[in-house]
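Residue strings, one per chain:
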Amino acid sequence: MIRHPYLRIAPQAVESAHISADDGSLRRIFRSLHAATGVDFANYKLTTVRRRISRRMLVRRCDTLAQYAQYLGEHPDEVQALFQDVLIHVTSFFRDPEYYVYLKSSVFPRVCASLEPGEAVRIWVPGCSSGEEIYSIAIVLHEFLGEAANQTRIQIFATDISDSDIQKARTAIYPESAITDVSPEQLRRFFLKVEGGYQISKALRDLCVFARHDVTRDPPFSRMDLISCRNVLIYLNSVLQKKVLSFFHYALKPSGRLALGKSETVSAAAELYSVEDRKANVYSKVASPGRVLTEFRDFEPDKFATATPKPLQGAFNFDLKKEVDRVIMDRYAPPGFVVDGSLQIVHFQGDTSPLIRPATGEASFSLLKLIAPPLMLEVRGAIQEAKKSGAPVRRERVRFKQNGHTNVADLEVVPIEGRKPKSSDFLVLFQNLQSDTSEKRQSATAIRSKKAEAEKELERLRRELASTQSNLRDLVEDQEASAEELRAANEEILSSNEELQSTNEELETAKEELQSSNEELTTLNEDLQNRNAELTQTASDLRGLLGGVDIAVVILGKDLCLRRFTPAAEKLFNLIPSDVGRPIGQLRPTLDLPDLTQLASKVIETGRPMLLETRDLQGRWYALRIRPYETVKDQVEGVLVAVIEIRDKQQFSAAIVETLPEAIVVLDPEFRVLSANSAFYQKFQTTIAETEHRVLFELGDGRWNVSGLKEQIENVLPQRKPITNLELKQDVRKNGSQAILLSAYPLSYEGIGGNKILLVIRDTA
């Protein structure tokens, strides 16, 4: 995710060197932004902010910075537009897939393994923008935990300086174009289809706490297992990077990890972090003996110097033992020096003039630039051997030339631990340093006799040695260039009074922890207030909906106890407010219903809705719909019973049937007459008592028991095969037989009784 969330300028930054004297208009723009938003941009990389300002200048048709600065002062809405433009919005789900693979395979297993019982997994995502990265991390963590996710406490903090982005991230609704990198399984488990796209599931949103927070100004959070701040530092200069990295160092647990973007490093505070995985760009925290949160002070007392305050000059403060030790070391100790792990000289001992020859150019304490070239290979090799073995290394009678003289010395390298937690220093001593007189003891005759023979061989060896030394210097220079950023962070070491530091340590720690706890509580309180407001609004909407719907609706829990009901349901189900919580089987509705408890249990078990027809004690008909009641997690938590009156519809249909000139008869599956219209009774001179609830083929002394008719009607329902215009002879109005046309159709509807047969009888002419 590319996002600039934290922009803050020190009081003197407006006059910083990277803003030239003719950039007064730029300063005015910065002041306008700071006054309107509370954010300063002077420590933001100037090339980037100039590009964003240039874009707004084109939009507003301003030719110069001065014109645009004046335009900003006259149009407050443009200040907000520029602010949003400078905050670069480039983010997506699962950006850099290898990073999330490393989280799932390496980071999360170690984090969960180090948790104490009941301890929460704590993650912080500064610069969360619209939330894609934080939800990607939450999804990967859920996938790693599997079934244990519901038993694991998870706290994910997402912060940003843009209130609008925080609101978008909290709502968590994304268009379909934003979820192209989400797998179908992840889409099914963690997203819900809503109007306008997809929304992160509520279970996942509840894990995340969103708040506006400026990491360069506000106290950081604490005890974090992971800080994922990817592609944020690249938009800040080195001063602000160092400050932010020191804050992150404080916020992490001792075993915590920091994740940065592919183009970012911790070079501004290299001593605080070590590389854990270069490809995923994940760093682990390095314990620091000094305070780094506020002043970024790294107190590392010199191994060879006292850490106590320098004694006052005077007779009463004279230390005889130290003075004696100093005189003995100056006169009798062998010359040497102390180097750190990067071969920087941190201490000189004795007269090192025969060993040191500073190179021309910029002053440096690099051992490879100060030591005499003939000694460079021997000393560097001995240090590397001591670094690997961890034991002293000694090489006797090392010969080297200096100022035209050949010298001999015993070289010894001794590792010294304690000044830094994870690296050693090396004491390099030159013992028995003296001139080599062996050449003078050789006879002149022997030398002359071998001189001619050895001249050519000596010349070849010189050329080979020169070539080797040249190659070695090139390799060393390359190594120095690759480590330049790390060494830059350690160029200056601040000394401090150890006694004063130890006295104030507890107060500083307590203050910082209190600030962090207060910030976290403020963030949690803000998030809870927002959620309470959402719940209150949702409850109000629900009450308004239930009260305004003129439909009898009853909501039952999974235990079939009454949860809620609408005012229209009070009369049909004989309900009063105190009935909430009672089992539905104990209620006495006015409807003619089968066992409602059994029907509701079946809907909960199958998950399929049911539709029935019933009537009340006064004979009014109703449609009864029973549907499963599902939660946001797609789990059935009960049933919803809705009753809709269908009296008017039935009366309207009956009126239509009564008006038709054709004779209409409705049969049940056993061919009993359920109802007939007036045209049927008039045409066949019969009554309701003689017709209804009797089998068709028994009516009128068997007049309908015609050969072939019974067989065809019996096939109407099983085969869904209608009869169309079957011609029959029937006695009509007791004045003789007459030809009629009979049609039979299957009549199906969801309700009590199931399928029916509709007979339509009309005259042939």
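J.: Looking at this model, I keep getting lost on the packing of aromatic side chains. Mind explaining?
T.: One pair of aromatic rings is described through two measures. These are the centre distance and the angle between the planes. Applying the stated criterion to the full structure yields 16 aromatic pairs. Seen from their ring centres, tyrosine 99 and tyrosine 100 are 5.0 Å apart, and the 70 degrees between their planes marks the pair as edge-to-face. Here a set of aromatic residues connected by ring pairs shows up, and it is made of Phe93, Tyr135, Tyr174, Phe191 and Phe210. When the ring centre of tyrosine 198 is taken as origin, the NZ or CZ atom of lysine 193, which lies over that ring, is 4.6 Å away. Sitting over the face of the ring of tyrosine 99, arginine 230 holds its NZ or CZ atom 4.1 Å from the ring centroid.

J.: What is the right way to look at the environment of leucine 546 in this model?
T.: Residue position: leucine 546 is located in helix α17 (residues 498-548). Counting along the chain gives 19 residues from leucine 546 to phenylalanine 565, while the straight-line C-alpha distance between them is 7.4 Å. Excluding residues within four positions of it along the chain, leucine 546 makes contact with Arg564, Thr566 and Pro567.

J.: Before we go on, may I ask you to explain the packing of helix α3 (residues 65-74) against helix α4 (residues 76-86) in this structure?
T.: Working note: a packed helix pair is described by the angle between its axes plus the distance between those axes. Closest axis-to-axis distance for the α3/α4 pair is 5 Å, and the angle between their directions is 115 degrees. From α3, Tyr68, Tyr71, Leu72 and Glu74 reach across to α4, where they touch Pro76, Glu78, Val79 and Leu82. Within the contact of α3 with α4, the residues separate by chemical class into six nonpolar, no polar and two charged.

J.: Even after reading the chapter, I still don't get the sheet that holds strand β19 (residues 621-630), so can you show me in this structure?
T.: In any sheet, the strands associate via hydrogen bonds between backbone groups, in a parallel or an antiparallel arrangement. Pairing within the open sheet is antiparallel, and its five strands lie in the order β17-β16-β20-β19-β18. Edge positions in the sheet fall to β17 (562-565) and β18 (610-615), since each has one partner strand and no second. Ignoring strand direction, the axes of neighbouring strands in this sheet form an average angle of 20 degrees.

J.: How do you make sense of α3 when you look at a structure like this?
T.: The periodicity of an α-helix, 3.6 residues per turn, causes residues three or four positions apart to be oriented the same way. Within α3, burial applies to Tyr68, Ala69, Tyr71 and Leu72. Here the buried residues of α3 occupy an arc of 160 degrees about the axis, which is enough to place them on one side. Exposed and oriented more than 90 degrees from the buried face of α3 are Gly73 and Glu74. In this structure, the buried side of α3 is in contact with α1 (24-37), α2 (46-60) and α4.

J.: Mind showing me how you'd approach the sheet that holds strand β3 (residues 173-174) here?
T.: Pairing within the open sheet is antiparallel, and its three strands lie in the order β3-β5-β4. Strands with a single pairing partner mark the edges of an open sheet, and in this sheet they are β3 and β4 (191-194). Bridge count between β4 and strand β5 (residues 197-200): four bridges; the pairing is antiparallel. Bridged to leucine 192 within β5 is glutamine 199.

Basis of the calculations
Residues numbered from 1 in each chain as written. Predicted model: local features only at pLDDT ≥ 70, side-chain atom pairs only at ≥ 80, totals over all residues. Heavy atoms only, no water. Phe/Tyr/Trp six-rings, centres within 6.5 Å; stacked < 30°, edge-to-face > 60°. Lys NZ or Arg CZ within 6 Å of the ring centre and 35° of its normal. Helix = DSSP H or I, 4+ residues; strand = E, 2+ residues; numbered from the N terminus. Contact = heavy atoms within 4.5 Å. Axes fitted to C-alpha atoms, helices over the stretch in contact; angles between N-to-C directions. Nonpolar A, V, L, I, M, F, W, Y, C, P; charged D, E, K, R; others polar. Pairing = 2+ DSSP bridges. Buried < 20%, exposed > 50% of the residue type's maximum accessible area, 1.4 Å probe, protein only. Arc of directions from axis to C-beta.

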